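# Reading the structure
What follows is the residue order along each chain.
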Amino acid sequence: IVTAIAAPSQLEVTFKGDGGHAGALLMHLRNDALLAGAELAIEAEKATITKGTRDTVVTTGSFDILPNTVNSVPRQARLGIDVRD
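Only a predicted model underlies this, so the values are computations on that prediction, with no experimental measurement involved.

Taken together, the side chains of Leu-34, Leu-35 and Phe-63 make up a nonpolar region of the molecular surface, amounting to roughly 240 Å² of accessible area. Structurally, the position occupied by Leu-34 is in helix 1 (residues 33-51).

Next up, the structure:
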């Protein structure tokens, strides 16, 4: 007996910021694409928990950063998000 059907929806979101050297780019001048992407991932989870149905789930399953080096401010972040309800 089928009791529920999950309707999956997947999306890819790309944030573009201003990259630069971590030591030279002052904090108040940064436009960090990774932080913008992280905020979206957190807010998607919060919204699902507070506004979704009991069976709604969201997963940020991929997070690709450019240039992906420890001493660079990320200039691009691409998230893969899966939503099922």
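Past the structure itself, the notes keep going.
Sheet architecture is open: three strands sit in the order 1-5-3, paired in antiparallel fashion. In this open sheet, the two edge strands, each paired with only one partner strand, are strand 1 (8-16) and strand 3 (57-66). Between one strand and the next, the sheet's axes are offset by a mean angle of 15°, whatever the strand orientation. Packing against the sheet, helix 1 makes contact with strand 1, strand 3 and strand 5 (76-84), and its axis sits at approximately 175° to strand 3.

Turning our attention to the pattern of salt bridges. With the rule as written, the count across this model stands at four salt bridges. One salt bridge in this structure joins Lys-46 and Glu-43, with 3.6 Å as the shortest N-O distance. Of this pair, Lys-46 and Glu-43 both sit in helix 1, three residues apart, which is roughly one turn of that helix. The partly exposed category is assigned to Glu-43, whose relative accessible area is 45%. Asp-82 is the salt-bridge partner of Arg-84, the closest N and O atoms lying 2.7 Å from each other. With a relative accessible area of 34%, Arg-84 lands in the partly exposed category. The network of salt bridges with common partners includes Glu-12, Asp-64 and Arg-78.

Reading the values: rules and limits
- Residues numbered from 1 in each chain as written.
- Predicted model: local features only at pLDDT ≥ 70, side-chain atom pairs only at ≥ 80, totals over all residues.
- Heavy atoms only, no water.
- Patch = residues over 30% accessible without salt bridge, like charges linked within 9 Å, V, L, I, M, F, W, Y side chains within 5 Å.
- Areas by Shrake-Rupley, 256 points an atom, 1.4 Å probe, with all protein chains shown as cover.
- Salt bridge = Lys/Arg side-chain N within 4 Å of Asp/Glu carboxyl O.
- Helix = DSSP H or I, 4+ residues; strand = E, 2+ residues; numbered from the N terminus.
- Pairing = 2+ DSSP bridges.
- Axes fitted to C-alpha atoms, helices over the stretch in contact; angles between N-to-C directions.
- Contact = heavy atoms within 4.5 Å.
- Buried < 20%, exposed > 50% of the residue type's maximum accessible area, 1.4 Å probe, protein only.

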